[in-house]
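So you can see what is in the structure, the chains are spelled out below.
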Amino acid sequence: MRPREDVIRVVILDDHALFHQALMSWLQGQGPSIEVAYAGADVTAALAAAASSDVVLLDLDLGPEAPPLTDLVGSFQDAGCRV
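Everything numeric here is computed off the predicted structure, so don't read it as measured data.

A. Representation of the sheet that holds strand β1 (residues 8-13) in the model. If you walk across this open sheet you meet the 3 strands as β2-β1-β3, and the pairing is parallel. Every other strand in the sheet has two partners, leaving β2 (34-40) and β3 (55-58) as the edge strands with one partner each. Direction aside, the axes of adjacent strands within the sheet are offset by 20° on average. Across the sheet, helix α1 (residues 17-28) is in contact with β1, β2 and β3; its angle to β2 comes to roughly 170°.

Spelled out as structure tokens, the structure:
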């Protein structure tokens, strides 16, 4: 269930804290029409947030422990998010 129709909800999945914090700050500064639902490196938390989000900004290299990129993209798409 999406909170508001006029808000774009974004998930940022990136393992570099400085990058995802800066991107989150920039997006939040763009006005009330963009809301960051999650920003961080936790795949499970990002997938949970994706259920009520519109788009995922996904790091292409999350490290050796991360699921394969094609699996991640498919999981986010299955949750109804654009990647």
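B. Structural detail: the pairing of β1. Of all 6 residues in β1, 5 are buried; the element is thus mostly enclosed. Relative to β2, β1 is paired through 6 bridges, and the arrangement is parallel. By the bridge assignment, Val 10 is partnered in β2 with Val 36. Once the chain exits β1 it traverses α1 before rejoining the sheet at β2, and the crossover so formed is right-handed. Where β1 and β3 come together, 4 bridges link them in parallel fashion. Residue pairing for β3: Leu 13 is matched across the bridge by Leu 58.

Definitions and cut-offs
Residues numbered from 1 in each chain as written. Predicted model: local features only at pLDDT ≥ 70, side-chain atom pairs only at ≥ 80, totals over all residues. Heavy atoms only, no water. Pairing = 2+ DSSP bridges. Helix = DSSP H or I, 4+ residues; strand = E, 2+ residues; numbered from the N terminus. Axes fitted to C-alpha atoms, helices over the stretch in contact; angles between N-to-C directions. Contact = heavy atoms within 4.5 Å. Buried < 20%, exposed > 50% of the residue type's maximum accessible area, 1.4 Å probe, protein only. Right-handed = clockwise from strand over helix to strand, strands pointing away.

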